[in-house]
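# Summary of structural features
Next come the chains, spelled out residue by residue.
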Amino acid sequence: MPEKSKILEYFTIFELLVSLILASSSPSRKAILDRLGVSFITVSPNIDETRKTPETPYDLVYRLAEEKAKEVAKTYSGLIIASDQVATLDSGNEEGDEILNKPLTHQNAFAQLQKSSGRTVTFLTSIALLNTETGILQNHVEFFRVFFKSLSDNHILSYLEKEDVLNCAGSFKSEGLGAALFNRMEGNDPNSLIGLPTIQLTKMLAKENVHILCTSFILKNAKRFRRDQHPTGARFLALQRH
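The structure displayed is predicted, hence computed values, not measured ones.

### Side note on the packing of aromatic side chains
Overall, the coordinates contain 6 aromatic pairs when judged by the stated rule. Geometrically, the ring pair formed by Tyr-58 and Tyr-62 is stacked, given 6.3 Å between the ring centres and 15° between the ring planes. Of the two residues, Tyr-58 and Tyr-62 are both situated in helix 3 (residues 57–72); the distance of 4 residues between them amounts to about one turn of the helix. Looking at Tyr-58, the relative accessible area reads 28%, which means it is partly exposed. Residue class for Tyr-62 comes out partly exposed when judged on its relative accessible area of 32%. Seen in terms of ring centroids, Phe-148 and Phe-182 are 5.4 Å apart; in terms of plane orientation they differ by 75°. Their pairing is edge-to-face. With a gap of 34 residues between them, Phe-148 in strand 7 (residues 137–148) and Phe-182 in strand 8 (residues 182–187) connect regions that are remote in the sequence.

And the structure:
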């Protein structure tokens with residue numbers, strides 16, 4: 001393995017006039033982004049997330065990610081990351097597809113898992129990256145499918161006693177005991193199931209000249225400013241390949 005000093009010979013350090021902002025109050029999304037080792041702030045966007053008529057689940061999450069990013073851009077400057085997610089027992093591409101919302105009650109969670117038994121739940125997770133300085137917006141929707149076992153009522157009741165899923169679309173946590181409910185899962189990015197497609201996000205950031213593997217240990221020291229406190233956003237060091 002090459003020495004670190006040798007690796008750094010291929011890079012030049014420069015200042016990038018941008019801050020990284022996660023347009024979400026979701027603890028799960030924050031935890032996923034934390035694992036990338038970058039410095040960021042979280043801002044909760046206040047938008048109407050009501051599904052329009054007609055609107056497919058795909059169109060809904062695509063639109064909401066864009067609206068969340070643009071809402072935060074009204075007061076913050078930099079690279080804004082936004083995401084939205086829905087679950088459906090249908091394809092996700094039709095206007096009449098039913099969306100599995102957060103159950104909120106034990107009764108609703110039980111009913112959702114009964115309905116999902118032996119079927120496939122498709123998660124559609126959007127990811128948007130908005131550069132407020134250039135106005136460039138990247139948007140993508142990631143599909144992830146969960147194939148359920150045939151579940152007895154006792155299996156469902158036992159699961160709901162052991163795991164709090166009342167705020168989880170589909171009434172399960174794939175990163176927890178929910179795995180015991182599945183036959184298999186199918187998708188490109190397991191993090192998309194939890195709420196943030198990081199594979200696609202790193203590709204988007206690279207297009208903005210932010211390369212995670214080259215910058216993460218420096219981005220941790222980034223300063224952060226609101227747009228009204230610093231018009232050009234926060235300065236942080238990044239590495240650019242020659």
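On we go from here.
### Regarding the confidence of the model for the protein
Per-chain confidence: the protein averages 84 in pLDDT, with 81% of residues scoring 70 or above. Confidence, expressed as mean pLDDT per element, reaches its minimum in the protein at strand 9 (residues 235–241) with 36 and its maximum at helix 3 with 98. A low-confidence stretch, residues 216–242 (pLDDT under 50), is modelled with 81 contacts involving residues beyond four sequence positions or located in other chains.

### Some remarks on the nonpolar core
In terms of nonpolar packing, the biggest core is built from 22 residues, with Phe-123, Val-146, Phe-148, Leu-160, Phe-172 and Leu-181 touching the most fellow members. Elements with a contribution of two residues or more to this core: helix 4 (106–116), strand 6 (120–131), strand 7 and helix 5 (153–162). Val-146 has contacts with Arg-119, Thr-120, Val-121, Phe-123, Phe-172, Phe-182, Arg-184, Met-185 and Leu-193, leaving out every residue within four places of it along the chain. If you look at the next biggest cluster of nonpolar residues, it comprises 17 residues, including Leu-22, Ile-81, Met-204 and Leu-205.

### Considering the packing of helix 4 against helix 5
At a minimum axis separation of 10 Å, helix 4 and helix 5 run at an interaxial angle of 135°. Here helix 5 runs oblique to helix 4, going by the angle between their axes. The hand of the helix 4/helix 5 crossing is right-handed. Contact residues: helix 4 offers His-106, Ala-109, Phe-110, Leu-113 and Gln-114, while helix 5 offers Asp-153, Ile-156, Leu-157, Tyr-159 and Leu-160. The class makeup of the residues in the contact of helix 4 with helix 5 is 7 nonpolar, 2 polar and 1 charged.

### Examining helix 4
For helix 4, the full list of buried residues reads Ala-109, Phe-110, Gln-112, Leu-113 and Ser-116. The buried side chains of helix 4 occupy one side of the element, clustering within an arc of 165° when seen end-on. Just downstream of helix 4 lies Gly-118, where phi reads positive at about 70°.

### Here's the deal with helix 5
Inspection of helix 5 places Ile-156, Tyr-159 and Leu-160 among the buried residues, and these make up the whole buried set. The arc that holds the buried residues of helix 5, viewed along the axis, is 95°, so those residues lie on one side. Opposite the packed face of helix 5, turned more than 90 degrees from it, sit the exposed residues Asn-154, Glu-161 and Lys-162.

### A few points about the side chain of Gln-138
Relative to the assigned elements, Gln-138 resides in strand 7. Of the polar contacts made by the side chain of Gln-138, one reaches the backbone oxygen of Met-204; its length is 3.1 Å. Excluding residues that lie within four positions of it along the chain, Gln-138 makes contacts with Ile-127, Ala-128, Leu-129, Met-204, Lys-207 and Glu-208.

### Quick look at the environment of Gly-187
Among the secondary structure elements, Gly-187 is positioned in strand 8. Here Gly-187 is in contact with Phe-143 and Phe-144, once residues within four sequence places are set aside.

### Digging into the pattern of salt bridges
Overall, the coordinates contain 8 salt bridges when judged by the stated rule. Across the pair Lys-30 and Asp-34 runs a salt bridge whose closest N-O atoms are separated by 3.1 Å. Taken together, the residues span about one helical turn, with Lys-30 and Asp-34 both in helix 2 (residues 27–34) at a distance of 4 residues. Look at Lys-30 and you get partly exposed, because its relative accessible area is 36%. Classification of Asp-34 by relative accessible area gives partly exposed; the value is 38%. Across the pair Glu-71 and Lys-74 runs a salt bridge whose closest N-O atoms are separated by 3.0 Å. Residue Lys-74 is classed as exposed on the basis of its relative accessible area, which comes to 60%. One salt-bridge network, in which partners are shared between bridges, spans Glu-55, Arg-63 and Glu-67.

Conventions adopted
- Residues numbered from 1 in each chain as written.
- Predicted model: local features only at pLDDT ≥ 70, side-chain atom pairs only at ≥ 80, totals over all residues.
- Heavy atoms only, no water.
- Phe/Tyr/Trp six-rings, centres within 6.5 Å; stacked < 30°, edge-to-face > 60°.
- Helix = DSSP H or I, 4+ residues; strand = E, 2+ residues; numbered from the N terminus.
- Buried < 20%, exposed > 50% of the residue type's maximum accessible area, 1.4 Å probe, protein only.
- pLDDT = per-residue confidence, 0-100.
- Contact = heavy atoms within 4.5 Å.
- Core = buried A, V, L, I, M, F, W, Y, C linked by side-chain atoms within 4.5 Å.
- Axes fitted to C-alpha atoms, helices over the stretch in contact; angles between N-to-C directions.
- Parallel < 35°, antiparallel > 145°, perpendicular 65-115°, else oblique.
- Left-handed = near helix turned anticlockwise from the far one by under 90°.
- Nonpolar A, V, L, I, M, F, W, Y, C, P; charged D, E, K, R; others polar.
- Arc of directions from axis to C-beta.
- Polar contact = N/O pair within 3.5 Å; in protein donor to acceptor, adjacent residues only side chain to side chain.
- Salt bridge = Lys/Arg side-chain N within 4 Å of Asp/Glu carboxyl O.

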